[in-house]
Amino acid sequence: MTAPNLNASADEGNVDMVDKLPERDESDQNMTPGMDGSHTNAWKTDNLRQTWNQKMITPGFYTREGEEEYFDPGENSEDEADDSIPSYTIPAENLQRMANPYRCALVIKKDTSIKATPPNQQNFDRTIELKAFDESKTGVKGLVDAKITKVPRIFFSPPDHGFEKTSEIEFSIPILDLDSIGKDLNRRKDVVDRIRDASGTWGFFQVMNHGIDVEVMDEMLEGVRRFYEQDSEVKKEWYTRDGSKTVVYNSNFDLYNGASTNWRDTVYCSMAPKVPSPDELPEACRDIMIEYSKHVMKLGRVLFKLLSEALDLDPSHLNEMGCCDGLGILYHYYPACPEPEKTLGASKHSDYDFLTVLLQDNIGGLQILYQNQWIDIPPVPGALVLISNDKFKSSQHRVLANSKGPRVSVACFFTTGLMPTSKIYGPIKELISEENPPKYRETTVREYSLHYNAKGLGNSSALLDFKI
Ligand SMILES: O=C(O)CCC(=O)C(=O)O
Ligand SMILES: [Fe+2]
(Lines give C-alpha, C1' and ligand atoms only; values in the text may rest on other atoms or scores of the structure.)
(Ligands and ions follow the chains in the order given, each with its own letter.)
Protein backbone atom coordinates (compact mmCIF):
# COMPACT_ATOMS: atom_id res chain seq x y z
CA MET A 1 0.00 0.00 0.00
CA THR A 2 1.29 3.51 -0.74
CA ALA A 3 0.88 6.43 1.60
CA PRO A 4 -0.70 9.69 0.41
CA ASN A 5 1.88 12.28 -0.49
CA LEU A 6 2.48 13.89 2.89
CA ASN A 7 5.66 15.48 4.06
CA ALA A 8 7.03 13.81 7.13
CA SER A 9 8.08 17.12 8.62
CA ALA A 10 9.30 20.51 7.57
CA ASP A 11 12.82 19.83 8.78
CA GLU A 12 13.17 16.12 8.36
CA GLY A 13 12.49 15.47 4.71
CA ASN A 14 9.94 13.25 3.07
CA VAL A 15 8.13 10.17 4.19
CA ASP A 16 10.52 7.27 4.46
CA MET A 17 9.74 3.65 3.86
CA VAL A 18 10.83 1.02 6.34
CA ASP A 19 10.39 -2.66 6.73
CA LYS A 20 8.89 -2.69 10.15
CA LEU A 21 7.30 -0.53 12.79
CA PRO A 22 8.34 -1.09 16.38
CA GLU A 23 6.98 -4.38 17.62
CA ARG A 24 4.44 -4.24 20.37
CA ASP A 25 5.71 -5.40 23.70
CA GLU A 26 4.26 -8.82 24.27
CA SER A 27 6.58 -9.82 27.03
CA ASP A 28 4.26 -10.31 29.97
CA GLN A 29 0.90 -10.61 28.28
CA ASN A 30 -0.85 -13.77 27.29
CA MET A 31 -1.39 -13.29 23.61
CA THR A 32 -3.84 -15.37 21.66
CA PRO A 33 -3.64 -15.86 17.91
CA GLY A 34 -6.09 -13.72 15.94
CA MET A 35 -8.31 -14.92 13.12
CA ASP A 36 -5.58 -14.39 10.57
CA GLY A 37 -2.99 -16.17 12.66
CA SER A 38 -1.43 -12.93 13.83
CA HIS A 39 -1.18 -12.03 17.46
CA THR A 40 -3.97 -10.03 18.95
CA ASN A 41 -4.59 -8.68 22.40
CA ALA A 42 -7.29 -10.94 23.65
CA TRP A 43 -5.82 -10.72 27.12
CA LYS A 44 -7.24 -13.94 28.41
CA THR A 45 -5.10 -13.68 31.47
CA ASP A 46 -6.74 -16.02 33.94
CA ASN A 47 -5.76 -14.59 37.23
CA LEU A 48 -5.58 -10.93 36.42
CA ARG A 49 -8.75 -10.66 34.35
CA GLN A 50 -7.13 -7.76 32.55
CA THR A 51 -10.34 -6.52 31.09
CA TRP A 52 -12.06 -6.23 34.42
CA ASN A 53 -11.06 -2.69 34.97
CA GLN A 54 -11.17 -1.63 31.38
CA LYS A 55 -14.59 -0.08 31.96
CA MET A 56 -14.36 3.59 32.33
CA ILE A 57 -17.28 5.58 33.47
CA THR A 58 -17.52 9.24 32.84
CA PRO A 59 -20.44 11.21 34.10
CA GLY A 60 -21.61 13.57 31.40
CA PHE A 61 -25.02 15.09 30.84
CA TYR A 62 -28.50 13.89 30.23
CA THR A 63 -32.34 12.80 28.92
CA ARG A 64 -36.21 9.76 29.00
CA GLU A 65 -39.37 8.45 30.26
CA GLY A 66 -40.69 5.42 32.12
CA GLU A 67 -37.56 3.30 32.21
CA GLU A 68 -37.56 0.06 34.11
CA GLU A 69 -36.33 0.34 37.65
CA TYR A 70 -32.97 -1.10 38.45
CA PHE A 71 -31.32 -1.64 41.75
CA ASP A 72 -33.93 -0.09 43.90
CA PRO A 73 -33.55 -1.46 47.38
CA GLY A 74 -36.92 -2.81 48.37
CA GLU A 75 -37.99 -3.74 44.87
CA ASN A 76 -39.74 -7.05 44.58
CA SER A 77 -37.61 -10.11 44.36
CA GLU A 78 -38.40 -10.81 40.72
CA ASP A 79 -37.02 -7.46 39.64
CA GLU A 80 -34.08 -7.83 41.93
CA ALA A 81 -33.09 -11.10 40.35
CA ASP A 82 -33.21 -9.51 36.92
CA ASP A 83 -31.31 -6.44 38.07
CA SER A 84 -28.58 -8.35 39.69
CA ILE A 85 -25.80 -6.81 37.66
CA PRO A 86 -22.82 -8.79 38.82
CA SER A 87 -22.54 -12.07 37.01
CA TYR A 88 -19.14 -12.81 38.48
CA THR A 89 -17.00 -11.51 41.25
CA ILE A 90 -13.29 -10.82 41.09
CA PRO A 91 -11.54 -12.86 43.78
CA ALA A 92 -9.98 -10.63 46.40
CA GLU A 93 -6.47 -11.94 45.84
CA ASN A 94 -6.64 -10.95 42.18
CA LEU A 95 -7.64 -7.44 43.09
CA GLN A 96 -4.72 -7.26 45.42
CA ARG A 97 -2.47 -8.15 42.55
CA MET A 98 -3.93 -5.53 40.26
CA ALA A 99 -3.90 -2.74 42.77
CA ASN A 100 -5.48 -1.95 46.02
CA PRO A 101 -9.08 -1.56 44.83
CA TYR A 102 -9.87 1.68 46.57
CA ARG A 103 -6.48 3.28 46.72
CA CYS A 104 -4.80 2.57 43.47
CA ALA A 105 -1.68 4.69 43.71
CA LEU A 106 -0.16 5.94 40.50
CA VAL A 107 3.12 7.74 40.31
CA ILE A 108 3.53 10.23 37.51
CA LYS A 109 6.97 10.05 36.02
CA LYS A 110 6.76 10.10 32.26
CA ASP A 111 7.75 13.20 30.34
CA THR A 112 4.78 13.51 28.03
CA SER A 113 5.53 16.88 26.52
CA ILE A 114 5.15 17.16 22.77
CA LYS A 115 8.32 17.82 20.82
CA ALA A 116 7.23 19.00 17.40
CA THR A 117 6.67 22.31 15.69
CA PRO A 118 3.05 23.27 16.43
CA PRO A 119 0.74 23.37 13.38
CA ASN A 120 0.29 27.16 13.56
CA GLN A 121 4.04 27.71 13.25
CA GLN A 122 4.53 25.48 10.24
CA ASN A 123 4.96 27.01 6.86
CA PHE A 124 3.02 24.78 4.48
CA ASP A 125 -0.42 24.46 3.01
CA ARG A 126 -1.96 22.28 5.65
CA THR A 127 -5.33 21.98 3.92
CA ILE A 128 -3.82 20.40 0.80
CA GLU A 129 -2.08 17.75 2.89
CA LEU A 130 -5.15 17.15 5.02
CA LYS A 131 -7.20 16.61 1.86
CA ALA A 132 -4.67 14.17 0.42
CA PHE A 133 -4.79 12.23 3.67
CA ASP A 134 -8.61 12.29 3.78
CA GLU A 135 -8.98 11.25 0.16
CA SER A 136 -6.83 8.18 0.70
CA LYS A 137 -9.77 6.91 2.85
CA THR A 138 -7.37 4.62 4.66
CA GLY A 139 -6.81 6.73 7.77
CA VAL A 140 -3.79 6.58 10.02
CA LYS A 141 -3.83 2.79 9.73
CA GLY A 142 -3.18 3.27 5.99
CA LEU A 143 -0.04 5.30 6.71
CA VAL A 144 1.24 2.65 9.05
CA ASP A 145 0.44 -0.09 6.53
CA ALA A 146 2.52 1.92 4.04
CA LYS A 147 5.36 1.65 6.57
CA ILE A 148 6.09 5.32 7.14
CA THR A 149 8.93 5.95 9.60
CA LYS A 150 8.25 9.64 10.34
CA VAL A 151 5.10 11.23 11.57
CA PRO A 152 3.76 13.47 8.76
CA ARG A 153 3.68 17.10 9.85
CA ILE A 154 -0.12 17.41 9.70
CA PHE A 155 -0.14 15.26 12.85
CA PHE A 156 2.19 17.45 14.89
CA SER A 157 0.50 18.59 18.09
CA PRO A 158 0.84 21.93 19.77
CA PRO A 159 2.38 21.59 23.23
CA ASP A 160 -0.08 21.87 26.09
CA HIS A 161 1.37 25.02 27.59
CA GLY A 162 1.37 24.91 31.34
CA PHE A 163 0.27 21.29 31.47
CA GLU A 164 3.49 19.49 30.70
CA LYS A 165 4.69 19.25 34.22
CA THR A 166 5.27 15.88 35.71
CA SER A 167 5.75 15.06 39.34
CA GLU A 168 5.97 12.19 41.73
CA ILE A 169 2.62 12.63 43.40
CA GLU A 170 0.48 9.67 44.30
CA PHE A 171 -3.17 9.78 43.32
CA SER A 172 -6.06 7.54 44.26
CA ILE A 173 -8.08 6.34 41.33
CA PRO A 174 -11.71 5.83 42.30
CA ILE A 175 -12.80 2.24 41.67
CA LEU A 176 -16.34 1.21 42.50
CA ASP A 177 -17.46 -2.33 43.10
CA LEU A 178 -21.10 -2.72 42.07
CA ASP A 179 -21.43 -6.18 43.57
CA SER A 180 -24.67 -6.65 45.57
CA ILE A 181 -25.78 -3.03 45.44
CA GLY A 182 -29.29 -4.18 44.56
CA LYS A 183 -29.55 -6.21 47.74
CA ASP A 184 -27.35 -4.72 50.37
CA LEU A 185 -28.46 -1.23 51.44
CA ASN A 186 -25.23 -0.42 53.24
CA ARG A 187 -23.12 -1.38 50.26
CA ARG A 188 -25.33 0.70 48.01
CA LYS A 189 -25.00 3.72 50.27
CA ASP A 190 -21.24 3.29 50.31
CA VAL A 191 -21.13 3.12 46.50
CA VAL A 192 -23.35 6.21 46.18
CA ASP A 193 -21.03 8.11 48.53
CA ARG A 194 -18.02 7.07 46.49
CA ILE A 195 -19.69 8.06 43.23
CA ARG A 196 -20.50 11.48 44.70
CA ASP A 197 -16.94 11.91 45.77
CA ALA A 198 -15.40 10.59 42.54
CA SER A 199 -17.68 12.65 40.29
CA GLY A 200 -17.17 15.80 42.31
CA THR A 201 -13.39 15.64 42.37
CA TRP A 202 -12.13 13.56 39.48
CA GLY A 203 -15.14 13.59 37.18
CA PHE A 204 -14.64 9.94 36.47
CA PHE A 205 -14.51 6.58 38.12
CA GLN A 206 -13.99 2.97 37.24
CA VAL A 207 -16.41 0.19 37.97
CA MET A 208 -15.94 -3.49 38.62
CA ASN A 209 -18.51 -6.26 38.93
CA HIS A 210 -20.60 -4.24 36.51
CA GLY A 211 -22.33 -7.25 35.00
CA ILE A 212 -20.73 -7.26 31.55
CA ASP A 213 -18.86 -10.50 31.08
CA VAL A 214 -15.18 -10.44 30.26
CA GLU A 215 -15.93 -12.56 27.18
CA VAL A 216 -18.33 -9.92 25.84
CA MET A 217 -15.77 -7.15 26.38
CA ASP A 218 -13.00 -9.19 24.79
CA GLU A 219 -15.15 -9.97 21.78
CA MET A 220 -16.04 -6.27 21.42
CA LEU A 221 -12.36 -5.33 21.32
CA GLU A 222 -11.64 -8.21 18.98
CA GLY A 223 -14.47 -7.10 16.68
CA VAL A 224 -12.95 -3.62 16.53
CA ARG A 225 -9.58 -5.08 15.55
CA ARG A 226 -11.28 -7.23 12.91
CA PHE A 227 -12.91 -4.13 11.43
CA TYR A 228 -9.74 -2.06 11.21
CA GLU A 229 -7.48 -4.90 10.19
CA GLN A 230 -9.63 -6.13 7.30
CA ASP A 231 -8.85 -5.42 3.65
CA SER A 232 -8.66 -1.65 3.20
CA GLU A 233 -10.78 -1.76 0.04
CA VAL A 234 -13.68 -3.28 2.02
CA LYS A 235 -13.16 -0.83 4.86
CA LYS A 236 -13.12 2.16 2.49
CA GLU A 237 -16.77 1.53 1.68
CA TRP A 238 -17.59 2.83 5.15
CA TYR A 239 -15.35 5.92 4.99
CA THR A 240 -17.42 9.10 5.06
CA ARG A 241 -17.83 12.54 6.63
CA ASP A 242 -21.59 12.44 6.12
CA GLY A 243 -22.97 12.44 9.67
CA SER A 244 -26.39 11.28 8.49
CA LYS A 245 -25.01 7.84 7.57
CA THR A 246 -25.71 5.01 10.05
CA VAL A 247 -22.03 4.14 10.27
CA VAL A 248 -19.44 6.89 9.98
CA TYR A 249 -15.85 5.69 9.65
CA ASN A 250 -13.10 8.26 9.19
CA SER A 251 -9.94 9.61 10.74
CA ASN A 252 -10.40 12.69 12.93
CA PHE A 253 -14.05 13.82 12.84
CA ASP A 254 -12.60 17.35 13.24
CA LEU A 255 -9.89 16.93 10.57
CA TYR A 256 -10.40 20.38 9.08
CA ASN A 257 -11.22 22.30 12.27
CA GLY A 258 -9.48 20.59 15.21
CA ALA A 259 -6.41 22.15 16.82
CA SER A 260 -4.30 19.31 15.45
CA THR A 261 -4.69 15.98 13.72
CA ASN A 262 -4.71 12.94 15.97
CA TRP A 263 -3.03 9.60 15.45
CA ARG A 264 -6.23 7.57 15.39
CA ASP A 265 -9.13 6.35 13.27
CA THR A 266 -12.73 6.13 14.49
CA VAL A 267 -16.06 4.54 13.65
CA TYR A 268 -19.22 6.17 15.00
CA CYS A 269 -22.64 4.54 15.03
CA SER A 270 -25.82 5.44 16.87
CA MET A 271 -27.18 2.31 18.63
CA ALA A 272 -30.19 3.85 20.40
CA PRO A 273 -32.98 4.86 20.44
CA LYS A 274 -33.12 3.15 17.04
CA VAL A 275 -31.09 -0.05 16.97
CA PRO A 276 -29.65 -0.46 13.47
CA SER A 277 -30.40 -3.70 11.68
CA PRO A 278 -27.41 -6.04 11.41
CA ASP A 279 -27.05 -5.56 7.67
CA GLU A 280 -26.53 -1.82 8.18
CA LEU A 281 -23.44 -2.57 10.27
CA PRO A 282 -19.94 -3.74 9.27
CA GLU A 283 -19.82 -7.51 9.03
CA ALA A 284 -16.61 -7.64 11.05
CA CYS A 285 -18.33 -6.65 14.28
CA ARG A 286 -22.08 -6.28 13.74
CA ASP A 287 -23.28 -8.93 16.20
CA ILE A 288 -21.07 -7.83 19.04
CA MET A 289 -21.91 -4.15 18.49
CA ILE A 290 -25.57 -4.97 19.06
CA GLU A 291 -24.93 -7.25 22.01
CA TYR A 292 -22.41 -5.01 23.73
CA SER A 293 -24.63 -1.93 23.36
CA LYS A 294 -27.50 -3.76 25.07
CA HIS A 295 -25.28 -4.47 28.05
CA VAL A 296 -24.05 -0.88 28.20
CA MET A 297 -27.63 0.45 28.09
CA LYS A 298 -28.53 -1.74 31.05
CA LEU A 299 -25.45 -0.64 32.96
CA GLY A 300 -26.20 2.97 32.06
CA ARG A 301 -29.64 2.83 33.67
CA VAL A 302 -28.08 1.51 36.84
CA LEU A 303 -25.41 4.20 36.85
CA PHE A 304 -27.86 7.03 36.24
CA LYS A 305 -29.82 5.83 39.23
CA LEU A 306 -26.72 5.83 41.38
CA LEU A 307 -25.74 9.25 40.05
CA SER A 308 -29.25 10.58 40.82
CA GLU A 309 -28.90 9.33 44.36
CA ALA A 310 -25.46 10.87 44.58
CA LEU A 311 -27.04 14.21 43.66
CA ASP A 312 -29.72 13.67 46.35
CA LEU A 313 -32.37 13.45 43.68
CA ASP A 314 -35.08 10.86 43.26
CA PRO A 315 -33.31 7.68 42.00
CA SER A 316 -35.25 7.77 38.74
CA HIS A 317 -34.54 11.45 38.08
CA LEU A 318 -31.80 11.22 35.48
CA ASN A 319 -33.37 8.26 33.71
CA GLU A 320 -36.66 10.15 33.56
CA MET A 321 -34.86 13.10 32.05
CA GLY A 322 -33.89 10.69 29.34
CA CYS A 323 -30.19 10.20 29.94
CA CYS A 324 -30.52 6.71 28.52
CA ASP A 325 -32.49 7.72 25.42
CA GLY A 326 -29.56 7.67 23.10
CA LEU A 327 -26.36 5.69 22.81
CA GLY A 328 -23.59 6.35 20.34
CA ILE A 329 -20.77 3.84 20.04
CA LEU A 330 -17.35 5.07 18.97
CA TYR A 331 -14.62 2.60 18.34
CA HIS A 332 -11.14 3.93 18.02
CA TYR A 333 -7.97 2.45 16.55
CA TYR A 334 -4.63 3.98 17.51
CA PRO A 335 -1.98 2.42 15.27
CA ALA A 336 1.59 2.05 16.50
CA CYS A 337 3.27 5.40 16.03
CA PRO A 338 6.90 5.70 14.84
CA GLU A 339 7.43 9.02 16.69
CA PRO A 340 4.92 9.12 19.54
CA GLU A 341 6.45 12.23 21.09
CA LYS A 342 5.37 14.35 18.09
CA THR A 343 1.66 13.72 18.09
CA LEU A 344 -1.27 12.61 20.21
CA GLY A 345 -3.75 9.75 19.95
CA ALA A 346 -6.49 12.14 21.08
CA SER A 347 -6.08 15.82 21.95
CA LYS A 348 -7.22 17.23 25.25
CA HIS A 349 -11.01 17.31 25.49
CA SER A 350 -13.95 16.58 27.72
CA ASP A 351 -16.85 14.57 26.36
CA TYR A 352 -20.12 16.12 25.21
CA ASP A 353 -22.52 13.47 26.44
CA PHE A 354 -24.27 12.66 29.70
CA LEU A 355 -22.02 9.75 30.55
CA THR A 356 -19.31 7.82 28.76
CA VAL A 357 -18.58 4.16 29.34
CA LEU A 358 -15.14 3.40 27.98
CA LEU A 359 -13.73 -0.03 27.26
CA GLN A 360 -10.05 -0.04 26.43
CA ASP A 361 -7.45 -2.68 25.84
CA ASN A 362 -4.33 -2.70 27.97
CA ILE A 363 -1.89 -0.81 25.76
CA GLY A 364 -2.39 2.33 27.85
CA GLY A 365 -1.98 5.98 26.96
CA LEU A 366 -5.12 7.48 28.43
CA GLN A 367 -4.45 10.44 30.72
CA ILE A 368 -6.61 12.70 32.83
CA LEU A 369 -5.88 16.31 33.67
CA TYR A 370 -5.98 16.50 37.43
CA GLN A 371 -4.75 19.44 39.45
CA ASN A 372 -3.07 20.78 36.31
CA GLN A 373 -1.03 17.67 35.67
CA TRP A 374 -1.46 14.82 33.27
CA ILE A 375 -1.87 11.57 35.09
CA ASP A 376 -1.63 8.17 33.47
CA ILE A 377 -4.81 6.27 34.08
CA PRO A 378 -5.23 2.65 33.09
CA PRO A 379 -8.87 3.32 32.12
CA VAL A 380 -10.72 6.75 32.45
CA PRO A 381 -12.96 9.95 32.50
CA GLY A 382 -15.63 12.24 31.07
CA ALA A 383 -18.23 14.73 31.97
CA LEU A 384 -21.35 15.40 33.93
CA VAL A 385 -21.48 19.11 33.87
CA LEU A 386 -24.20 21.18 32.35
CA ILE A 387 -26.93 19.61 34.36
CA SER A 388 -25.30 19.36 37.73
CA ASN A 389 -24.07 22.93 37.46
CA ASP A 390 -20.44 22.17 38.22
CA LYS A 391 -21.31 19.91 41.10
CA PHE A 392 -19.92 17.01 39.12
CA LYS A 393 -16.83 17.54 37.00
CA SER A 394 -16.45 17.12 33.28
CA SER A 395 -12.84 16.11 33.34
CA GLN A 396 -10.43 16.72 30.51
CA HIS A 397 -8.56 13.79 29.14
CA ARG A 398 -6.37 12.83 26.20
CA VAL A 399 -4.67 9.78 24.74
CA LEU A 400 -0.95 9.60 24.08
CA ALA A 401 0.29 8.13 20.84
CA ASN A 402 2.39 5.12 21.49
CA SER A 403 4.85 2.90 19.73
CA LYS A 404 3.49 -0.32 21.19
CA GLY A 405 0.08 -0.30 19.47
CA PRO A 406 -2.26 -0.79 17.93
CA ARG A 407 -4.41 0.28 20.83
CA VAL A 408 -8.16 -0.08 20.54
CA SER A 409 -10.93 1.38 22.66
CA VAL A 410 -14.72 1.55 22.58
CA ALA A 411 -16.38 4.64 23.98
CA CYS A 412 -20.15 4.47 24.52
CA PHE A 413 -21.66 7.93 24.70
CA PHE A 414 -25.04 8.37 26.32
CA THR A 415 -26.43 11.00 24.01
CA THR A 416 -28.97 11.40 21.24
CA GLY A 417 -26.26 13.37 19.43
CA LEU A 418 -27.47 15.18 16.33
CA MET A 419 -30.98 13.69 16.39
CA PRO A 420 -33.50 16.50 16.13
CA THR A 421 -34.93 16.98 19.61
CA SER A 422 -36.51 19.96 21.31
CA LYS A 423 -35.95 18.92 24.90
CA ILE A 424 -34.15 21.65 26.81
CA TYR A 425 -31.35 20.89 29.23
CA GLY A 426 -29.76 23.13 31.79
CA PRO A 427 -28.67 23.04 35.41
CA ILE A 428 -31.03 20.73 37.30
CA LYS A 429 -33.72 22.88 38.91
CA GLU A 430 -33.58 20.94 42.16
CA LEU A 431 -29.91 21.74 42.49
CA ILE A 432 -30.06 25.49 42.01
CA SER A 433 -31.01 28.13 44.53
CA GLU A 434 -30.44 31.79 45.22
CA GLU A 435 -27.07 30.97 46.80
CA ASN A 436 -26.21 28.57 43.99
CA PRO A 437 -27.53 30.22 40.82
CA PRO A 438 -27.24 28.54 37.40
CA LYS A 439 -23.76 28.72 35.91
CA TYR A 440 -24.70 27.48 32.44
CA ARG A 441 -27.39 28.49 30.02
CA GLU A 442 -29.97 26.05 28.75
CA THR A 443 -29.48 24.19 25.49
CA THR A 444 -30.56 21.11 23.56
CA VAL A 445 -28.46 18.00 23.07
CA ARG A 446 -28.34 18.73 19.34
CA GLU A 447 -27.29 22.34 19.74
CA TYR A 448 -24.54 21.37 22.15
CA SER A 449 -23.34 18.48 19.96
CA LEU A 450 -23.22 20.71 16.87
CA HIS A 451 -21.25 23.33 18.76
CA TYR A 452 -18.84 20.70 20.10
CA ASN A 453 -18.28 19.21 16.63
CA ALA A 454 -17.67 22.62 15.10
CA LYS A 455 -15.00 23.40 17.70
CA GLY A 456 -13.24 20.06 17.42
CA LEU A 457 -10.82 18.65 19.95
CA GLY A 458 -7.85 20.43 21.45
CA ASN A 459 -9.43 23.89 21.45
CA SER A 460 -10.94 25.65 24.45
CA SER A 461 -13.75 23.77 26.18
CA ALA A 462 -17.08 23.83 24.33
CA LEU A 463 -18.77 23.85 27.71
CA LEU A 464 -17.24 27.20 28.66
CA ASP A 465 -19.12 28.79 25.77
CA PHE A 466 -22.36 27.97 27.62
CA LYS A 467 -21.29 29.64 30.86
CA ILE A 468 -23.52 32.45 32.01
O1 LIG B 1 -9.58 5.93 23.58
C2 LIG B 1 -9.72 6.35 24.72
O3 LIG B 1 -9.25 5.80 25.71
C4 LIG B 1 -10.48 7.64 24.96
C5 LIG B 1 -11.52 7.93 23.94
C6 LIG B 1 -12.21 9.20 24.23
O7 LIG B 1 -11.79 9.99 25.05
C8 LIG B 1 -13.45 9.54 23.52
O9 LIG B 1 -13.92 8.78 22.66
O10 LIG B 1 -14.01 10.62 23.84
FE1 LIG C 1 -13.27 11.44 25.53
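Residues numbered from 1 in each chain as written. Chains lettered and ligands numbered in written order. Predicted model: local features only at pLDDT ≥ 70, side-chain atom pairs only at ≥ 80, totals over all residues. Heavy atoms only, no water.

Participant: I'd love a proper account of the coordination of the iron ion (ligand 2), names of residues and values included.
Facilitator: Reference geometry at the metal: tetrahedral coordination by four donors gives ideal angles of 109.5 degrees; octahedral coordination by six donors gives 90 or 180 degrees. Around the iron ion (ligand 2), the protein supplies H349 (NE2), D351 (OD) and H397 (NE2) as donor atoms, at distances of 2.1 Å. In terms of primary sequence, the donors binding the iron ion (ligand 2) are separated according to H-x1-D-x45-H. Residue H349 is found in strand β13 (residues 344–349), and its partner H397 is found in strand β17 (residues 397–400); the two are separated by 48 residues along the sequence. (Donors = N, O, S within 2.8 Å, 3.2 Å for Na, K, Ca; no water. Helix = DSSP H or I, 4+ residues; strand = E, 2+ residues; numbered from the N terminus.)

Participant: Residue-level account of the site of ligand 1, with values.
Facilitator: Near ligand 1 you find 13 residues, and of these H332, Y334, H397, R407 and S409 are the closest. Here Y334 contributes a side-chain N or O atom positioned 2.6 Å from an oxygen atom of ligand 1. A distance of 3.0 Å separates an oxygen atom of ligand 1 from a polar side-chain atom of H397. Here ligand 1 loses 97% of its free accessible area of 290 Å² to cover by the protein chains. (Near = heavy atom within 4 Å. Polar contact = N/O pair within 3.5 Å; in protein donor to acceptor, adjacent residues only side chain to side chain. Areas by Shrake-Rupley, 256 points an atom, 1.4 Å probe, with all protein chains shown as cover.)

Participant: An account of the sheet that holds strand β15 (residues 366–370) is requested, with residue identities and associated values reported.
Facilitator: Ordered in space as β13-β17-β15-β16, the 4 strands form an open sheet in which the pairing is antiparallel. In this open sheet, the two edge strands, each paired with only one partner strand, are β13 and β16 (373–376). On average, each strand axis in the sheet is inclined to that of its neighbour by 30°, with strand direction left out of account. Both β15 and β16 contribute to a ladder of 4 bridges, which runs antiparallel. Each residue of the ladder has a partner; that of Y370, found in β16, is Q373. (Pairing = 2+ DSSP bridges. Axes fitted to C-alpha atoms, helices over the stretch in contact; angles between N-to-C directions.)

Participant: So, the nonpolar core: which residues are in play, and what are the values?
Facilitator: Counting residues in each nonpolar core, the largest one holds 64 residues, and the members touching the most others are Y292, I329, Y331, V410 and F414. With 13 residues, the single largest contributor to this core is helix α8 (residues 286–310). Here V410 is in contact with M220, L221, V224, Y292, I329, L330, Y331, V357, L358 and L359, once residues within four sequence places are set aside. (Core = buried A, V, L, I, M, F, W, Y, C linked by side-chain atoms within 4.5 Å. Buried < 20%, exposed > 50% of the residue type's maximum accessible area, 1.4 Å probe, protein only. Contact = heavy atoms within 4.5 Å.)

Participant: So what's going on with the environment of K298? Residues and values would help.
Facilitator: Mapped onto the fold, K298 is located in helix α8. On the accessibility criterion, K298 (26% relative accessible area) is partly exposed. As for K298 and C324, which are separated by 26 residues in sequence, their C-alpha atoms are 9.0 Å apart.

Function cannot be inferred from these measures alone, as they are strictly geometric.
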